[in-house]
Amino acid sequence: MTALVYEDFAPGRHREATLIRHALGSVHDEALVAGLAGGIGFMYFVFEYAGRPPMPTIVAQAHPDPWVQVALGRLNIPYEATRSAKPRWNRVEAALDAGAPVFCTVDRSGLPWHRPAPMAELAAADPYVVVVVGYDGDTYYVEDGADGAETPYAIGREEFGAAWSGHKKGRHQMVVTTGKPAAEPDLDAAIAATVSRLTGPVLGNHFDVNFGFSGMEKFAAQLRDTTTKTGWERRFATPEAFAVGTGRLHACLEEEWTAPGATRPLYADFLDLAGHAEAAGLFRESGRQWSGLAELARTADPEADAAGRRALFDACAERVDGALALEREAVTSLPAPAEAPAG
């Protein structure tokens, strides 16, 4: 049996930052890793699928750049990222034998501890990173960080291979560190990149209206919209749709692709490390606004009538306004995007 390449699996506040921290030997603070990876962002969409209620989705962390590669790059840790047409088990096991954990991008619905997976085909579209931390014959040991797990999951190699094949854009992708840090990280350059993501543009196309401060404005406007088909009043008028909408708000701001409080409190800790206490305080307060919104959604009456739904949506919009004002103020005291190095 190949021993586990590390033994610290204690859960943290942010899943991906914790995976990276553990894989690097827990020598870095979780907030530092999260901040260097980009920390916060904002993406808002409402997806529509035939025969299903609308699905609002908010990604409150840095997006869409990959957390692992960005964090390693900004920590100045050399790594190798590869993809292949089929699983290269010999490469995975060689890395583990050398003491290097292997980051793999998978379809999370293909992992048994994520089953049953409602709307599994949607989960397959998300790049979900786990870490292979050891193996014993055909059994692999995988750190996921989901559900506060304090030990790695055991999974058969072929079953893991199916999940590893399931995410088309990340099919058989593996990331392995190859050396020690070449230099100290530039915290202000990372912060400037985050400011750029909030103020936009992010993608350079018409979807940018859904990102950053613009995305927050759109979210608040649709919460208040009482007349058009894109407003929450019409989109989430049925009990089923209302339950999906409120459930997603809580999950997206507290649990999925985020740390609690839309990742803002964790990012505030990073800003404290970087010497930006004023902005840290504003983002910490913004996190309370986002958590307040999530709690409004979590405790919403599933049997609410039209007036009750309207009151909830207005209260949520006020929380978005409050968070947006705080974050606009915060970025004025942070390094400007122009200060970030190209690329």
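Everything numeric here is computed off the predicted structure, so don't read it as measured data.

## Remarks on the overall build of the chain
Logical step 1: Scanning the chain from terminus to terminus reveals 13 helices and eight strands.
Logical step 2: Computed over the C-alpha atoms, the radius of gyration of the chain is 21 Å, within 12% of the 20 Å expected from 2.2 N^0.38 for a compact globule of 343 residues.
Logical step 3: With the C-alpha coordinates of the chain rotated into their principal frame, the extents come out at 60 × 45 × 35 Å.
Logical step 4: Taking all 343 residues of the chain together, the buried fraction comes to 53%.
Logical step 5: When contacts within the chain are restricted to residue pairs at least 6 apart in sequence, long-range pairs at least 24 apart make up 71% of them.
Logical step 6: Per element, the accessible surface of the chain, about 14800 Å² overall, is 52% carbon and sulfur.

## Here we look at the packing of helix α12 (residues 277-298) against helix α13 (residues 306-331)
Logical step 1: For the pair α12 and α13, interaxial distance at closest approach is 9 Å and the crossing angle is 170°. When the axis of α12 is compared with that of α13, the two are roughly antiparallel. As for how α12 packs across α13, the hand of that crossing is left-handed. The segment α12 lies against α13, with Ala279, Leu282, Phe283, Glu285, Ser286, Arg288, Gln289, Trp290, Gly292, Leu293 and Leu296 engaging Leu312, Ala315, Cys316, Arg319, Val320, Gly322, Ala323, Leu326, Glu327, Glu329, Ala330 and Val331.
Logical step 2: Among the residues forming the contact of α12 with α13, the class breakdown is 14 nonpolar, four polar and five charged.

What counts and how
Residues numbered from 1 in each chain as written. Predicted model: local features only at pLDDT ≥ 70, side-chain atom pairs only at ≥ 80, totals over all residues. Heavy atoms only, no water. Helix = DSSP H or I, 4+ residues; strand = E, 2+ residues; numbered from the N terminus. Rg over C-alpha atoms; globule rule 2.2 N^0.38 Å. Buried < 20%, exposed > 50% of the residue type's maximum accessible area, 1.4 Å probe, protein only. Contact = heavy atoms within 4.5 Å. Areas by Shrake-Rupley, 256 points an atom, 1.4 Å probe, with all protein chains shown as cover. Axes fitted to C-alpha atoms, helices over the stretch in contact; angles between N-to-C directions. Parallel < 35°, antiparallel > 145°, perpendicular 65-115°, else oblique. Left-handed = near helix turned anticlockwise from the far one by under 90°. Nonpolar A, V, L, I, M, F, W, Y, C, P; charged D, E, K, R; others polar.

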